[in-house]
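# A closer look at the structure
One letter stands for each residue in the lines below.
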Amino acid sequence: MNRISKKCGLLAIALTAVSVTANLPVHAASAYAVGWQLKQASKIHGDDITVLITDLGFKWSNPQTGVTIICQPPMWNVVAFGAKTKRYCQTPLQSFHCHAQSAIRVWAGYAFDELKLNKTGQSKANGFAVDEYGPAVAGGKSKHQEAVLLYRQTGFSFAQLKSYRGMPHEKEVGLLLSRLYNLPEKPGIPFIFRFRRKTYDVLRESLTTQSIAAARKPISEFSSPRGYKRVGTFGELMNDSAAANGVEGLMDSLGKPLYK
């Protein structure tokens, strides 16, 4: 075999190698979203909510209403779509607010997001650091006096928020979840919010996290459906009964309207 033939043979082998390499499947790390999956229950949105928090973004699914929300970097636009109504809406994260927020303000005269909470402690749970928050009250008073004062100011005698620290994109995801659940906006991923109305009232929970587990999901989890009608607000993409039930569920948990 002469030199030219040898060179042609080597070139053919090299081109074949390049072709084979180009057709190899994408590395698994880029074909999957890796992070955590939470199961939550909310007085506003119902039970069996799935929250997916991964390196590729956030997904929130509610089988009761048929609503799914996707929010991903770098733009962090909130895309919500309703499988039952075949509607969707899109808004920047900073402009997003829960559909129940205005109804709660009108009905009861306040909302949880109005509560002023201070960091009261730190612990660990499920391998994560946990920040704990409680109401800001004047010092130098007994617990009972503080509870009475807080109730006069806010309509609650006690409130407690717990949030996980260390999950992917916790700043953006924490903000979105806080607004979805109508909670005070604090760092981390909210997983418990409990409160007491009057000092003798039972302790109630408006947000509960039932489980948390490591998750590895295909990137198709973040695909949006096609053919849906665009609407202007989150409330519009839900059917009227689902929106009403969400507000009524929270109001039932609170009891009768409170007036400051």
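This text goes with the structure placed above it.
Numbers given to residues run from 1 along each chain, matching the order in which its sequence is written. The model is predicted, so local features are restricted to residues of pLDDT at least 70 and side-chain atom pairs to those at 80 or more, both for listing and for counting; the totals for chains, interfaces and linings are taken over all residues. Heavy atoms from the whole structure form the basis of all side-chain values; hydrogens and water molecules are not counted.

### Remarks on the nonpolar core
Side chains that are nonpolar tend, in soluble globular proteins, to be buried together. Note the following rule: The term nonpolar core refers to a set of buried residues drawn from Ala, Val, Leu, Ile, Met, Phe, Trp, Tyr and Cys, joined through side-chain atoms within 4.5 Å. Note on classification: 1.4 Å probe, protein chains only; a residue is buried when its accessible area is under 20% of the maximum for its type, exposed when over 50%, partly exposed between these limits. Residues are treated as being in contact if the distance between any of their heavy atoms lies within 4.5 Å.
Of all hydrophobic cores here, the largest spans 44 residues; its most connected members are Phe58, Trp60, Ile69, Phe193 and Phe234. Residues contacting Phe58, with those up to four places away along its chain left out, are Val51, Leu52, Ile53, Ile69, Ile70, Cys71, Val173, Leu176, Leu177 and Phe222. One finds Val79, Ala215, Phe222 and Tyr228 within the second-largest nonpolar core, a separate group that totals eight residues.

### Here we look at the pattern of salt bridges
The condition that has to hold: Salt bridges are counted wherever a side-chain nitrogen of Lys or Arg sits within 4 Å of a carboxyl oxygen of Asp or Glu.
Within the structure shown, the criterion is met by seven salt bridges. Note that Arg165 is salt-bridged to Glu170, the shortest N-O span being 2.7 Å. What makes Arg165 partly exposed here is its relative accessible area of 27%. Note on Glu170: relative accessible area 16%, which makes it buried. Among the salt bridges present, the one from Glu185 reaches Arg179, with a minimum N-O distance of 2.8 Å. On the basis of relative accessible area, Glu185 is assigned to the partly exposed category, the value being 43%. On the accessibility criterion, Arg179 (11% relative accessible area) is buried.

### Quick notes on the side chain of Ser42
We count it as follows: Only DSSP runs of H or I covering at least 4 residues are called helices, and only runs of E covering at least 2 are called strands; the numbering of each starts at the N terminus. Whenever a nitrogen or oxygen atom comes within 3.5 Å of another N or O atom, the pair is scored as a polar contact, on the condition that within protein one atom can donate a hydrogen and the other can accept it, and that pairs from neighbouring residues in sequence are kept only if both atoms are in side chains.
Tracing the backbone shows Ser42 in strand β1 (residues 32-42). Judged by its relative accessible area of 5%, Ser42 falls in the buried class. Within the structure, Ser42 has its side chain in polar contact with the backbone nitrogen of Ile44 (distance 3.0 Å). Non-local contacts of Ser42, meaning those with residues more than four positions away in its chain, are made with Ile49, Tyr181 and Ser206.

### Structural notes on the sheet that holds strand β11 (residues 204-218)
The cut-off we apply is this: Strand pairing follows a simple DSSP-based rule, namely that at least 2 bridges must link the two strands. Lines fitted to the C-alpha atoms define the axes, with helices restricted to the stretch that makes contact. Angles between their N-to-C directions range from 0 to 180 degrees.
Spatially, the 12 strands line up as an open sheet ordered β7-β8-β9-β10-β11-β1-β2-β3-β4-β5-β6-β12, and their pairing is mixed. Edge positions in the open sheet fall to β7 (117-125) and β12 (229-230), since each of these has one partner strand only. The sheet contact formed by strand β3 (residues 57-62) and strand β4 (residues 67-71) spans five bridges and is antiparallel. Pairing of Lys59 across the sheet is with Ile70, part of β4. Running over the sheet, helix α5 (residues 170-180) touches β1, β2 (46-54), β3, β4, β5 (77-82), β9 (158-165) and β10 (189-196) and is turned about 35 degrees from β10.

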